[in-house]
Amino acid sequence: MADKTFLDWPFFEPHHKALALKLDGWAHDALPPIVEGDAHDDVDATCRALVKALGRDGWLRYCVPAAFGGVHETLDVRSLCLIRETLGRHSGLADFAFAMQGLGSGAISMFGSEALKKKYLPAVASGEKIAAFALSEENAGSDAAAMTTSLTRKDDTYVVNGEKTWISNGGIADFYTLFAKTDDGGKKVSAVVVDAGLPGFEIVERIDVIAPHPLGRLQFKNCETPAANLVGEEGAGFKVALSTLDIFRSTVGAAALGFARRALDEATTRALSRKMFGATLSDLPIAQEKLAEMALDIDASALLIYRSAWTKDVQKKRVTREAAMAKLFATDQAQLVIDKAVQLFGGLGVTKGVKVEELYREVRALRIYEGASEVQKIVIARQVLDAFRAEQSGGKE
Ligand code: COS
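Rules and cut-offs
- Residues numbered from 1 in each chain as written.
- Predicted model: local features only at pLDDT ≥ 70, side-chain atom pairs only at ≥ 80, totals over all residues.
- Heavy atoms only, no water.
- Helix = DSSP H or I, 4+ residues; strand = E, 2+ residues; numbered from the N terminus.
- Expected span 1.5 Å × (residues − 1).
- Bend = angle between axes of the 7 residues up to and from the residue.
- Buried < 20%, exposed > 50% of the residue type's maximum accessible area, 1.4 Å probe, protein only.
- Polar contact = N/O pair within 3.5 Å; in protein donor to acceptor, adjacent residues only side chain to side chain.
- Domains from an automatic or database assignment.
- Buried area = accessible area lost by both parts, 1.4 Å probe.
- Salt bridge = Lys/Arg side-chain N within 4 Å of Asp/Glu carboxyl O.
- Nonpolar A, V, L, I, M, F, W, Y, C, P; charged D, E, K, R; others polar.
- Contact = heavy atoms within 4.5 Å.
- Pairing = 2+ DSSP bridges.
- Axes fitted to C-alpha atoms, helices over the stretch in contact; angles between N-to-C directions.
- Parallel < 35°, antiparallel > 145°, perpendicular 65-115°, else oblique.
- Core = buried A, V, L, I, M, F, W, Y, C linked by side-chain atoms within 4.5 Å.

Participant: Report on helix H4 (residues 92–111), specifying residues and quantitative values.
Facilitator: The end-to-end C-alpha distance of H4 is 29 Å, a good match for the 28 Å that 20 residues give at a rise of 1.5 Å each. The largest bend in H4 is about 45 degrees, located at Ser105. With 18 of 20 residues buried, H4 is to be regarded as a mostly interior element. The N-cap of H4, judged by a side-chain oxygen 3.3 Å from the amide nitrogen of Leu93 a few residues on, is Ser91.

Participant: Residues and numbers for the domain arrangement of the protein, please.
Facilitator: Per the domain assignment, the segments of the protein are domain 1 (5–129), domain 2 (133–235) and domain 3 (238–392). Carbon and sulfur atoms supply 76% of the area buried between domain 2 and domain 3, which totals about 920 Å² over both sides. Run the count over domain 2 and domain 3 and you get zero salt bridges. Here domain 2 and domain 3 share two residue pairs in polar contact (both at pLDDT 80 or more) between them. Class assignment for the residues of the side of domain 2 that touches domain 3 results in 11 nonpolar, two polar and no charged.

Participant: Kindly report on the side chain of Ser308, identifying the contributing residues and their values.
Facilitator: One can find Ser308 in helix H7 (residues 285–313). Apart from residues lying up to four places away in sequence, Ser308 is in contact with Ser250, Val319, Glu322, Ala323 and Ala326.

Participant: An account of the environment of Val350 is requested, with residue identities and associated values reported.
Facilitator: Inspection of the secondary structure puts Val350 in the loop between helix H8 (320–345) and helix H9 (355–364). We classify Val350 as exposed; its relative accessible area is 62%. Along the chain, Val350 and Tyr360 lie 10 residues apart, while their C-alpha atoms are 8.8 Å from each other. Once you skip the residues sitting within four places of it in the chain, Val350 turns out to touch Val342 and Glu357.

Participant: Can you tell me about the pairing of strand E1 (residues 131–134), naming the residues and giving the values?
Facilitator: Neither face of E1 is exposed, since Ala131 and Phe133 on one face and Ala132 and Ala134 on the opposite face are all buried. As paired elements, E1 and strand E4 (residues 175–181) share four bridges and run parallel to each other. Of the residues in E4, the one forming a bridge with Ala132 is Tyr176.

Participant: Can you break down the packing of helix H3 (residues 77–90) against H7 residue by residue, with the values?
Facilitator: Interhelical geometry of H3 versus H7 gives an angle of 150 degrees and a closest axis separation of 8 Å. Between H3 and H7, the crossing angle belongs to the class labelled roughly antiparallel. In this structure, H3 contributes Val77, Arg78, Cys81, Leu82 and Glu85 to the contact, and H7 contributes Ile305, Tyr306, Ala309, Trp310, Lys312 and Asp313. The residue inventory of the contact of H3 with H7, partitioned by class, reads seven nonpolar, no polar and four charged.

Participant: Please set out the nonpolar core residue by residue, giving values where relevant.
Facilitator: The biggest cluster of nonpolar side chains holds 115 residues, and the ones touching the most others in it are Trp26, Phe98, Phe179 and Tyr306. At 16 residues, helix H6 (residues 237–273) tops the list of elements feeding residues into this core. Look past the residues within four positions of Tyr306 in its chain and what remains in contact with it is Phe6, Phe11, Phe12, Arg78, Cys81, Leu82, Glu85 and Leu257. Core analysis: the next-biggest nonpolar cluster, separate from the first, contains five residues, Ala324, Leu328, Val379 and Ile380 among them.

Right under this line is the structure:
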């Protein structure tokens, strides 16, 4: 049973605690069956069923603002983090299905026109439409500004040309929030929503990964999307993408935290029951040291994640630095926590069908997607240097 004492931390309102406890019960009782295996059809069907169930029972309402079928007036990052943490403890795919509805529609919630919000957000909240976020390209992952996919205005449409890859929900999404260049060979990025199935839009590859998720490569050849689907102003797409990531990066940390909490639960249960050297594993100081380090990393991750979420929700501040720290620390530490759990399980820990083996595979991508750990370090260092320079120049004036 995962530690729930953190729900009494001052970062939370009473409704946050109620949300986490209710969702935990729901995930125990009402999570659709997770079909294990690598077959795309099984993974797709499982994800579709998860989105449907999450929508039916109201959990996806946390992904959009209240005026468009959501719960809170604006996205409440603490709720998003608690939901990802809780779902992550139960199922990596359930967390994935929830997370992508939020990330795929987040830019519309924050920067979209009223008409665009009306067109997409209620269907995201109900689970009728599956969302995706299309930023990365083969030669533009960490260096997002190096993208080459283009958007060219033609009458009342934008014409998209290029390729996007490693796109989560690629293949099952109903729409993609896509980032592309609006000035030929230049630096101006714009964001636009592209519906799946438009002429000139094709999923050209399904990508297999260590923990199966829907992931694909998208190709656009003179694909026309309505100009009214522009998200934010033309040329402001980089700000749209990075501000969206500022919100969702804390939630990636939260998912990792959920995985880590589950690993500690599994390891503790195992340590208390496994007999060895005339005692149980939990009696051995070397095992206790591991459990202590795991618990410490979990609490430190939780503090960084909910500090970031609280700062955004309550102080309404830009949280570029806080979110990068939360994602970097929580995902890197979760990897170490889960590795320790695998070690405590011994041979069983690398056996298919054992939960810690699944967690070991599930957590890996979190240190890469939405900005690799190395990118988070660049972001944090820039924030530290900028703040220092600003203070220095402020002091001189
Ligand atoms: N919020 C709002 N605006 C931001 C921002 C943020 N967090 N971070 C940067 N910007 C703005 C900057 O102010 C700048 O605007 P101006 O051109 O008006 O000055 C613009 O965006 C470009 O910023 P910057 O110069 O820092 O861009 P870089 O190309 O140097 O960006 C990093 C570098 C590494 C930070 C960026 O490319 C990045 O985050 N990469 C990772 C992308 C990612 O997460 N990919 C995963 C895809 S989702 S699975």
